[in-house]
There are 4 protein chains.
Amino acid sequence: MIIVLKPGIGKKDEAAVLKEIRRLGYQPHVMRGVARTVIGAIGDERTHKSLETLASWAQVESVMPIQKRYKLVSREAHGRASTIDVRGNVIGGKRVQVMAGPCSVESELQLMTTAHAVKKAGATILRGGAFKPRTSPYEFQGLGEKGLKLLAKARQETGLAIITELLSEQQAELVADYADILQIGTRNAHNFQLLIAAARTGKPVLLKRGLSMKIEEWLLAGEYILANENPNLMFCERGVRTFETFTRNMLDLSTIPIIKKESHCPIVIDPSQGSGRADLVASMCKGAVAMGADALLIEVHPNPAEAWSDGAQQVSLEGFATLMEELKPFIAAAGRE
Amino acid sequence: MIIVLKPGIGKKDEAAVLKEIRRLGYQPHVMRGVARTVIGAIGDERTHKSLETLASWAQVESVMPIQKRYKLVSREAHGRASTIDVRGNVIGGKRVQVMAGPCSVESELQLMTTAHAVKKAGATILRGGAFKPRTSPYEFQGLGEKGLKLLAKARQETGLAIITELLSEQQAELVADYADILQIGTRNAHNFQLLIAAARTGKPVLLKRGLSMKIEEWLLAGEYILANENPNLMFCERGVRTFETFTRNMLDLSTIPIIKKESHCPIVIDPSQGSGRADLVASMCKGAVAMGADALLIEVHPNPAEAWSDGAQQVSLEGFATLMEELKPFIAAAGRE
Amino acid sequence: MIIVLKPGIGKKDEAAVLKEIRRLGYQPHVMRGVARTVIGAIGDERTHKSLETLASWAQVESVMPIQKRYKLVSREAHGRASTIDVRGNVIGGKRVQVMAGPCSVESELQLMTTAHAVKKAGATILRGGAFKPRTSPYEFQGLGEKGLKLLAKARQETGLAIITELLSEQQAELVADYADILQIGTRNAHNFQLLIAAARTGKPVLLKRGLSMKIEEWLLAGEYILANENPNLMFCERGVRTFETFTRNMLDLSTIPIIKKESHCPIVIDPSQGSGRADLVASMCKGAVAMGADALLIEVHPNPAEAWSDGAQQVSLEGFATLMEELKPFIAAAGRE
Amino acid sequence: MIIVLKPGIGKKDEAAVLKEIRRLGYQPHVMRGVARTVIGAIGDERTHKSLETLASWAQVESVMPIQKRYKLVSREAHGRASTIDVRGNVIGGKRVQVMAGPCSVESELQLMTTAHAVKKAGATILRGGAFKPRTSPYEFQGLGEKGLKLLAKARQETGLAIITELLSEQQAELVADYADILQIGTRNAHNFQLLIAAARTGKPVLLKRGLSMKIEEWLLAGEYILANENPNLMFCERGVRTFETFTRNMLDLSTIPIIKKESHCPIVIDPSQGSGRADLVASMCKGAVAMGADALLIEVHPNPAEAWSDGAQQVSLEGFATLMEELKPFIAAAGRE
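Residues numbered from 1 in each chain as written. Chains lettered and ligands numbered in written order. Predicted model: local features only at pLDDT ≥ 70, side-chain atom pairs only at ≥ 80, totals over all residues. Heavy atoms only, no water.

Caption draft 1: Structural context of the overall build of chain A. Of regular secondary structure, chain A possesses 10 helices and 14 strands. Projected onto the principal axes, the alpha-carbon positions of chain A cover approximately 75 × 45 × 40 Å. Evaluated residue by residue, chain A yields a buried proportion of 65% over its 337 residues. Within chain A, contacts between residues separated by at least 24 positions form 67% of all contacts whose residues are at least 6 apart in sequence. Summed over its atoms, the accessible surface of chain A is roughly 11100 Å², and 49% of this surface lies on carbon and sulfur atoms. (Helix = DSSP H or I, 4+ residues; strand = E, 2+ residues; numbered from the N terminus. Buried < 20%, exposed > 50% of the residue type's maximum accessible area, 1.4 Å probe, protein only. Contact = heavy atoms within 4.5 Å. Areas by Shrake-Rupley, 256 points an atom, 1.4 Å probe, with all protein chains shown as cover.)

Caption draft 2: Layout of the packing of helix α2 (residues 108-121) of chain B against helix α3 (residues 145-158) of chain B. All names here are of chain B. One can describe the packing of α2 onto α3 by two numbers: an axis separation of 10 Å at closest approach and a directional angle of 35°. Crossing of α2 against α3: the hand is right-handed. Contact residues: α2 offers Glu-108, Leu-111, Met-112, Ala-115, His-116 and Lys-119, while α3 offers Leu-150, Leu-151, Lys-153, Ala-154, Glu-157 and Thr-158. Among the residues forming the contact of α2 with α3, the class breakdown is six nonpolar, two polar and four charged. (Axes fitted to C-alpha atoms, helices over the stretch in contact; angles between N-to-C directions. Left-handed = near helix turned anticlockwise from the far one by under 90°. Nonpolar A, V, L, I, M, F, W, Y, C, P; charged D, E, K, R; others polar.)

Caption draft 3: Region of interest: the relation of the copies chain A and chain B. When chain A is brought onto chain B, the operation consists of a screw motion whose angular component is 180° and whose axial shift is 0.0 Å, with 0.0 Å RMSD remaining. Considering both components of the superposition, the chain copies are consistent with a two-fold axis. Among all residues of chain A, the minimum C-alpha distance to the rotation axis is found for Ser-212 of chain A, at 3.1 Å. (Least-squares fit on C-alpha atoms with pLDDT ≥ 70 in both.)

Caption draft 4: Up close: the pattern of salt bridges. A full pass over the atoms with the stated rule returns 82 salt bridges over all chains. A salt bridge links Lys-260 of chain A to Asp-294 of chain A, with the nearest nitrogen and oxygen atoms 2.5 Å apart. One end of the pair, Lys-260 of chain A, is in helix α7 (residues 255-262); the other, Asp-294 of chain A, is in the loop between α9 (278-290) and β14 (295-299), with 34 residues separating them in the sequence. Take Asp-294 of chain A: its relative accessible area is 1%, and that puts it in the buried class. Notably, a salt bridge pairs Arg-32 of chain D with Glu-14 of chain D, separated by 2.9 Å at the nearest N-O pair. With Arg-32 of chain D in strand β2 (residues 27-32) and Glu-14 of chain D in helix α1 (residues 11-23), this pair connects stretches of sequence that are 18 residues apart. A single network of salt bridges, built from pairs that share partners, joins Arg-69 and Glu-216 of chain A together with Arg-134 and Glu-139 of chain B. (Salt bridge = Lys/Arg side-chain N within 4 Å of Asp/Glu carboxyl O.)

Caption draft 5: Local environment of the confidence of the model for chain A. Mean pLDDT for chain A: 92, with 98% of residues reaching 70 or above. Interface scoring of the predicted complex returns ipTM 0.91; its pTM is 0.93. (pLDDT = per-residue confidence, 0-100.)

Caption draft 6: Examining the sheet that holds strand β4 (residues 60-64) of chain A more closely. All names here are of chain A. The strand order β2-β3-β1-β4 describes an open sheet built from four strands, whose pairing is antiparallel. At either end of the open sheet lies a strand with only one pairing partner, and these are β2 (27-32) and β4. Going from strand to strand, the sheet's axes swing by 20° on average, the running direction of each strand aside. Against the sheet, helix α1 (residues 11-23) makes contact with β1 (2-5), β2, β3 (37-42) and β4, and its axis sits at roughly 150° relative to β2, the strand it touches most. (Pairing = 2+ DSSP bridges.)

Caption draft 7: Quick peek at the relation of the copies chain B and chain D. Least-squares fitting of chain B to chain D yields an RMSD of 0.0 Å, with the transformation described by 0.0 Å of translation along the axis and a rotation of 180°. A share of 100% of the interface residues of chain B reappears at the interface of chain D, consistent with the copies meeting face to face through the same patch.

Caption draft 8: Here's a closer look at the sheet that holds strand β13 (residues 267-269) of chain A. Residues and elements named next belong to chain A. Pairing is parallel in the closed barrel, where eight strands are placed in the order β7-β8-β9-β10-β11-β12-β13-β14. Within the sheet, the average angular offset between the axes of one strand and its neighbour, ignoring direction, is 25°. Relative to strand β9 (residues 161-165), strand β8 (residues 125-127) runs parallel, the two sharing three bridges. Bridge pairing links Arg-127 to Ile-163 in β9.

Caption draft 9: Focus on the packing of aromatic side chains. With the rule as written, the count across this model stands at 11 aromatic pairs over all chains. Ring geometry for Phe-192 of chain A against Tyr-224 of chain A: centres 4.6 Å apart, planes inclined by 15°, an arrangement best described as stacked. Linking Phe-192 of chain A in helix α5 (residues 192-200) with Tyr-224 of chain A in helix α6 (residues 215-226), this pair joins segments that are 32 residues apart in sequence. Residue Tyr-224 of chain A is classed as buried on the basis of its relative accessible area of 2%. Between Trp-218 of chain C and Phe-235 of chain C the ring centres are 5.3 Å apart and the planes differ by 75°, which places this aromatic pair in the edge-to-face class. One end of the pair, Trp-218 of chain C, is in helix α6 (residues 215-226); the other, Phe-235 of chain C, is in strand β12 (residues 233-237), with 17 residues separating them in the sequence. Phe-235 of chain C matches Trp-218 of chain C in its accessibility class, with the two residues each being buried. The aromatic ring of Tyr-138 of chain B is capped on one face by Lys-71 of chain A, whose charged end is 4.5 Å from the ring centroid. (Phe/Tyr/Trp six-rings, centres within 6.5 Å; stacked < 30°, edge-to-face > 60°. Lys NZ or Arg CZ within 6 Å of the ring centre and 35° of its normal.)

Caption draft 10: Focus on the interface of chain B and chain D. With 27 residues of chain B at the interface, the matching set in chain D holds 27 residues. Counting the surface lost from both chain B and chain D, the interface buries some 2000 Å², and carbon and sulfur atoms represent 73% of this. The tally of links from chain B across to chain D stands at zero salt bridges. Summed over the shared surface of chain B and chain D, the result is two residue pairs in polar contact (both at pLDDT 80 or more). Mapped by element, the contributors of at least two residues to the side of chain B that touches chain D are β1 (2-5), β2 (27-32), β3 (37-42) and β4 (60-64) of chain B. In terms of residue count, β2 of chain B provides more of the side of chain B that touches chain D than any other element does, four residues in total. Considered class by class, the residues forming the side of chain B that touches chain D number 13 nonpolar, seven polar and seven charged. (Buried area = accessible area lost by both parts, 1.4 Å probe. Polar contact = N/O pair within 3.5 Å; in protein donor to acceptor, adjacent residues only side chain to side chain.)

Caption draft 11: Layout of the environment of Ala-176 of chain D. Residues and elements named next belong to chain D. Relative to the helices and strands, Ala-176 resides in helix α4 (residues 172-178). Between the alpha carbons of Ala-176 and Met-324 there is a distance of 29 Å; along the sequence they are 148 residues apart. Contact partners of Ala-176, with chain neighbours within four places excluded, come to Leu-182, Thr-201 and Lys-203.

Caption draft 12: Structural view of the side chain of Lys-132 of chain B. Residue and element names in this part refer to chain B. With respect to the helices and strands, the residue Lys-132 is situated in the loop between β8 (125-127) and α3. The side chain of Lys-132 sits in the buried core without any salt bridge; Glu-165 is the nearest counter-charge, 5.0 Å away. Each residue touching Lys-132, except ones within four places of it in the same chain, is listed here: Cys-103, Ser-104, Arg-127, Phe-140, Gln-141, Gly-142, Leu-167 and Ser-309. (Lys, Arg positive; Asp, Glu negative; His and termini not counted.)

Caption draft 13: Local environment of the environment of Asp-85 of chain A. Residues and elements named next belong to chain A. Structurally, the position occupied by Asp-85 is in strand β5 (residues 84-86). What makes Asp-85 exposed here is its relative accessible area of 53%. A C-alpha to C-alpha distance of 32 Å links Asp-85 and Asp-279, two positions 194 residues apart in sequence. At 2.7 Å, the side chain of Asp-85 forms a polar contact with the backbone nitrogen of Gly-88.

Caption draft 14: Spotlight on the side chain of Glu-299 of chain B. Residues and elements named next belong to chain B. Note that Glu-299 resides in strand β14 (residues 295-299). Glu-299 gets classed as buried once you look at its relative accessible area, which sits at 1%. Only 3.3 Å separates the side chain of Glu-299 from the side chain of Gln-313, close enough to count as a polar contact. In contact with Glu-299, not counting residues within four places along its chain, are Gly-101, Cys-103, Arg-127, Ser-272, Gln-273, Asp-310, Gln-313, Gln-314 and Val-315.

Caption draft 15: Representation of the environment of Gly-79 of chain C within the structure. Residues and elements named next belong to chain C. Relative to the assigned elements, Gly-79 resides in the loop between β4 (60-64) and β5 (84-86). Assessed through its relative accessible area of 71%, Gly-79 is described here as exposed. For Gly-79 and Ser-263, which are 184 residues apart along the polypeptide, the C-alpha to C-alpha distance reads 9.7 Å.

Here's what the structure looks like:
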């Protein structure tokens, strides 16, 4: 920690700060500058008591942390990139994995049609929401366990692995019984109890970035998964909220190189939520692949105009097949498969 | 709903849109403008199927909702302002209620000292976190049930009512057994399962605004409480996340007149989270009271510099007593008590 | 400056950093922490060369400034609050000044009607735009010099002082010939050439906060005025851009106590731009006054529905008179006149 | 325009709105919905008077524009993509152009070294700031005309075209005498007087997106260039300001497909400002090229650690040469040269 004293602070006030730093287990190191005195507090910021409370002292101008607060998710903790094996499909390896399927599971016909189509086009993992977090209580909330059963049936028929969203601690076991990957949605990215419950099922977890989550907070949320003894975490960027209204969210593709540098966990890009517009999805996927994304999560629907949720951002089956073809040269250019 | 067609759309493409609008239960109304054709779809947007999926049609430029999506929380639903009676303290009435206490319950001594002091200064409700949502898994997570028991003891000793945060669906019954008001924190404002669980306890609910929650989404989150048959909802503004780094959050005091216009539920202001700096709390409270806030939620600690969480934003016991004195003329100017 | 080295950096790489720090005129001070080595660089960050370029060195993790970068506008530079005398009306003194008038000067009738009405209600300064910055080139751009002449005539008739916006360096002398205060609008808050030109006219300058300007940047923009030998600067908060769409901007009232602490210059609040909605203006004014604003800048129009610009946020003459009455108890509560 | 009346509005109040709509030159079209009455106003929103002032009427709930406000920059206005020829280098054509060079022109040696190196690596346009907009008045403000002369000399020696920033209306002729492209920086993107002055020089203009500029506003700012009879406009995305602090700005790559759809003007990406970190530049460039950017604007310095401005985001000469090599497969995959 770096503690900056206000200008003109006397010896006595300074001594009180030094005493408190020592009391909390750190060793103070004083630097007298031209205008201000600065104190470095040596010690492990992650295990000792917090010095941030010093910011409320009258003689202190500011307190700045130095150490990164995440450890298990950090690149330093794990020399090389982690990979996650999901029914034989490796996420974080040489192959760019594509997770595709409808926003919501609506019916057997809708799901099976989609599953067969996305498999044929090259997807390896089927996405589909059975429990849906909706802004309004009057909107369609998902088929629940019936949706999970349909996903399991689609897996049996097509061999695709399955990813679906977990909304509630109380459903963690239920959803884990069916899913191959548990998705934590953007609205629950700060819901630490849900993160712990998801981690404890032992299933791989895909953690979406919160609506206005800083990258550091996202890494710390991921830390909740690894600290609960589940090593199979992947981060998923899905756009953040800004002042812009042209797109639903602003997809932050810089997260690809940043997560690769800061963490050993794979990074997945969701261009559907990331833009909220089906007509931007193909372009976003090309950028994501070129920048090194490990996987894509794409909303696909046999008839987007009739979708029960988020129709505007789902691509059609034909659109998806075309997209997968168009991506090939970019995947090759990135040295991936 | 208003559906705007792209320029130069032919009769056949237009007819398809009209047919779909009718199929979804609305009556279309065509207006041919200078550059574009616009279709009004007449029908109840809250009970019919969503027309937003039309946005994915090739011939459609945009789709705009007209009706407000919230109803039970809306001002129109309930002619006059609602009031909530908490152990004889009415929130939303003539008296401005003050909820004060430490960020986290840390010990019996800390809590009792604070409780007696804030009561003496004029607070009627004691706040204190027993379960704490923390960005890092390595930070203090709260005393849990032991903290709840201490809060109950403080209520018994002082007569103050109690508000504390609910973090997990699975703890809803437990927390409701002790608390007079359940607080839903900013990180869980989009956690609809938790909102439903809180509503079902029957206890009054204080719903903080999410980190980057639009006012419309906040009202809709409140709708989850009322739609689950709990009429005792209050909204709490605690600052939102922006580009500014000088303060921890940006306290949006415009929510006071806006919630008063849009809803019948009381509005509470949290200046502590709202700024993250104890030295701004008094000024924020004056503004909030002048603008018509129904209650204030203030973090107070006997020794902020030793607080186990958020020390920088907690005011001291003396600071709180001074603040309560300073507020009096503004409360009077606002015609409140 | 604080320079944080990456973990595990060798002696040679560290020595190179120390050498560079010395070369740039600072004295390095090494602290070896548990996980990282931290170097404090002692010297005046405002006059020496920047150390931020060290951030691009391979062995450096981060570089953090310590000193505040503004000096002339800082509170420390000028023991007590500055006041600005505008034709006998003191801004920053005991009296809360009210600047009121139309968004745009449209006609003699419109302006004189407004001027007499706002004077009668208690305003001391007349606002009105003669040069208007408009998002679209096809919108009304202001009456230009004809508008300035009308403002001068209104001053002559009513005795009100005049504030109007300066848009262009080339018009600085022209606008200064007519105006008592030059307003720099939010879109030009980062237009340093315009700030310099405004400063050099010698007229008092009201500097609005930029659309997404950090408070530190705002203070530094103000520094351009004082550094060009014009001491009469006032800051004006007018709302910032966020994700929220309910209001046009988010009025950040926390700037009142913050500017008071950080700077000696007066702080003015513009609730009209700050919300974009006339129905919120009165409430915003009450909050601003309670929190210590030195002046208010309010858009008033004899017939808002016929205004040539920003009709939605202008209050009527009657509305303004009522507002001025309603403010009185809050002004008294704040110990102002 | 769509005008939504409040619920329960009587005939008389409705008639007043209809009368006003007709008075302003539009034809009203009434739709009576379940809960509200909605009025479509038929007419050209870009040439008639604004109906937005109706939002201030007591009986009106909201007013929503339908037409896009930009015309000359719109894709519809100009069937196919525009191209701009800069000394034989076509921007917007098959070849992806690379503009590279230092943030600031510092010396002849620095500039010539960079110019030769970026030319050798494949750049066709040299960038370099002679007039620099700086947050603080105490920072290096550029070499001024001396810098322009050095740029001209570098052009003569290398054959590279030149782009440099225009800061002030008064320097428009001067800068245009030397530069092949005038750059309008992010801080001046809303400075309409500067846009007009730049347009009138007749030189091609590169318009950076403002710090928190909506895409619609950016297109309208571009409209100021075309409406002043300069057809050679290119848009440049350089990142916007958000809550995130990990990167200096958030580069919004979705602007590439969006500008391509909405406008006929070329789109340029600036990954240096867009991230503020040299280590992210290569990845950003790959994404930009894959998504269809017409050109890249990259900061390159012979010794980033000694740069007089923005050292942290400039890549070295070697780094640039490597980057240009790495981009080749992505340029080929995008079907460009």
